[in-house]
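This is what each chain is made of:
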Amino acid sequence: MNADDHRPRVAAERRERMRARLLECALSLAADKGPERLSIDDVIAAAGVSRGTFYKYFDSPDSLVQALAVEVTNAVIRTLHPSVEPLDDLADRMATGVRTTLRLVRGHPVLGAFMVRAGWPVSERTQQFFVVVGADLQEGIRQGRFARMHGEVAINLLAGLMVGAMRSITHERVPRDFPEQVAATLLRALGLPEQQVALLATRPLTMPVIDSQTLLWRLIKGRDA
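What counts and what doesn't
- Residues numbered from 1 in each chain as written.
- Predicted model: local features only at pLDDT ≥ 70, side-chain atom pairs only at ≥ 80, totals over all residues.
- Heavy atoms only, no water.
- Helix = DSSP H or I, 4+ residues; strand = E, 2+ residues; numbered from the N terminus.
- Buried < 20%, exposed > 50% of the residue type's maximum accessible area, 1.4 Å probe, protein only.
- Contact = heavy atoms within 4.5 Å.
- Areas by Shrake-Rupley, 256 points an atom, 1.4 Å probe, with all protein chains shown as cover.
- Lys, Arg positive; Asp, Glu negative; His and termini not counted.
- Charge placed at Lys NZ, Arg CZ, Asp CG, Glu CD.
- pLDDT = per-residue confidence, 0-100.
- Salt bridge = Lys/Arg side-chain N within 4 Å of Asp/Glu carboxyl O.
- Phe/Tyr/Trp six-rings, centres within 6.5 Å; stacked < 30°, edge-to-face > 60°.
- Core = buried A, V, L, I, M, F, W, Y, C linked by side-chain atoms within 4.5 Å.
- Axes fitted to C-alpha atoms, helices over the stretch in contact; angles between N-to-C directions.
- Parallel < 35°, antiparallel > 145°, perpendicular 65-115°, else oblique.
- Left-handed = near helix turned anticlockwise from the far one by under 90°.
- Nonpolar A, V, L, I, M, F, W, Y, C, P; charged D, E, K, R; others polar.

### What to know about the overall build of the chain
No. 1: The helix and strand inventory of the chain stands at eleven helices and zero strands.
No. 2: In the chain, the succession of α and β elements from N to C terminus is α-α-α-α-α-α-α-α-α-α-α.
No. 3: With the C-alpha coordinates aligned to their principal axes, the bounding extent of the chain is approximately 65 × 45 × 30 Å.
No. 4: Within the span of the chain, comprising 225 residues, buried residues form 44% of the whole.
No. 5: Long-range pairs, those at least 24 residues apart, make up 70% of the contacts in the chain with a sequence separation of at least 6.
No. 6: Here the chain has roughly 11800 Å² of accessible surface; of this, 52% comes from carbon and sulfur atoms.
No. 7: Positive and negative side-chain charges of the chain, numbering 29 and 26 respectively, have mean locations separated by a distance of 2 Å.

Right, here's the structure in full:
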């Protein structure tokens, strides 16, 4: 094979490594300072690159935080997956996912700060929130478990409720059962009867263990240190 054939692949791998390096440095800084105080100067100093190199990958600090928020949100979904996937009832999945996410945010506000800052969930339909959670909402509507509505209505209902809830948890004083109240509100909006709402929104919940090798671990431990 001609050596020239390897050049695009090698160049792409080099770009991906540099982008990952910038994200990793930004993550460490955000864990220490919070995403709202993340600056380009700090990131390029930590990564040991020039300002021009930074701008080859990100247009602004906001675009960097947006990219990090996608990574964080995907990591949250992957962390929740083992707890949610075995549940047969789609309404139970919704309630469990909402409560677990909000409890994680309550325990580690930096997660909520990332998600709220970027308008979590971001609009890219390839993002795992839409792929995984959106599929459950669509299936629940198809099965008749949830009220009839357009899929975009359902996803916006959940996304808007979660953004507002995470903002409240990170900026306001809310009651201890706030995650349960949010889950109950979602289930009511999805058309579940009150008796089922009360059961699913308050049943015992086991929080997932965050793998020490993951991005989430590095983020929350860096912030908690």
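So, next bit.
### A look at the confidence of the model for the chain
No. 1: Mean pLDDT for the chain: 85, with 91% of residues reaching 70 or above.
No. 2: Looking across the chain, the model is least confident in helix 11 (residues 215-224), with a mean pLDDT of 69, and most confident in helix 9 (residues 178-189), with 98.

### Observations regarding the pattern of salt bridges
No. 1: Enumeration over the complete set of coordinates arrives at nine salt bridges.
No. 2: The shortest N-O distance in the salt bridge between R103 and E180 comes to 2.9 Å. Of this pair, R103 sits in helix 5 (residues 90-107) while E180 sits in helix 9, and the two are 77 residues apart along the sequence.
No. 3: Residue E194 is joined to R188 by a salt bridge in which the shortest nitrogen-to-oxygen separation is 2.9 Å.
No. 4: Judged by relative accessible area, E194 falls into the partly exposed class, the value being 44%.
No. 5: Here the residues in one salt-bridge network are E85, R93 and D136, joined through shared partners.

### Some points on the packing of aromatic side chains
No. 1: Applying the stated criterion across every chain, the model contains two aromatic pairs.
No. 2: Centroid distance F54 to Y55: 5.4 Å. Interplanar angle 90°. Geometry classified as edge-to-face.
No. 3: Accessibility expressed as a relative area gives 0% for F54, which makes it buried.
No. 4: Residue Y55 is classed as partly exposed on the basis of its relative accessible area, which comes to 38%.
No. 5: Between the aromatic rings of F54 and F58, the centroid separation amounts to 5.7 Å while the plane-to-plane angle is 45°, which identifies the pairing as tilted. As far as burial versus exposure is concerned, F54 and F58 are alike and both buried.

### Some details on the environment of D136
No. 1: Relative to the helices and strands, D136 resides in helix 7 (residues 128-143).
No. 2: Between the C-alpha atoms of D136 and L80, which are 56 residues apart in sequence, the distance is 14 Å.
No. 3: If near-sequence neighbours (up to four positions away) are discounted, D136 is found in contact with L90, R93, M94 and F146.

### Some details on the environment of C25
No. 1: In this structure, C25 sits in helix 1 (residues 7-33).
No. 2: In sequence terms C25 and A47 are 22 residues apart; their C-alpha atoms lie 6.1 Å from each other.
No. 3: Every residue in contact with C25, bar those within four places of it in the chain, is listed here: V43, A46 and A47.

### Examining the nonpolar core
No. 1: Core analysis: the largest hydrophobic core is formed by 69 residues, its most contacted members being L38, V72, M94, F146 and L158.
No. 2: Broken down by element, the residue count for this core peaks at ten residues, all from helix 4 (residues 61-84).
No. 3: Discounting residues that sit within four places of it in the chain, M94 has contacts with V133, D136, L137, F146, L158, L186, L187 and L190.

### Here's the deal with the packing of helix 5 against helix 8 (residues 151-171)
No. 1: Packing of helix 5 against helix 8 leaves a shortest axis separation of 10 Å and a crossing angle of 25°. What the angle tells us is that helix 5 and helix 8 run roughly parallel. Once helix 5 is placed against helix 8, the crossing between them reads as right-handed. Between helix 5 and helix 8, the contacting residues are M94, V98, T101, L102, V105 and R106 on the first element and L158, M162, A165, M166, I169 and T170 on the second.
No. 2: When grouped by side-chain class, the residues that make up the contact of helix 5 with helix 8 number nine nonpolar, two polar and one charged.

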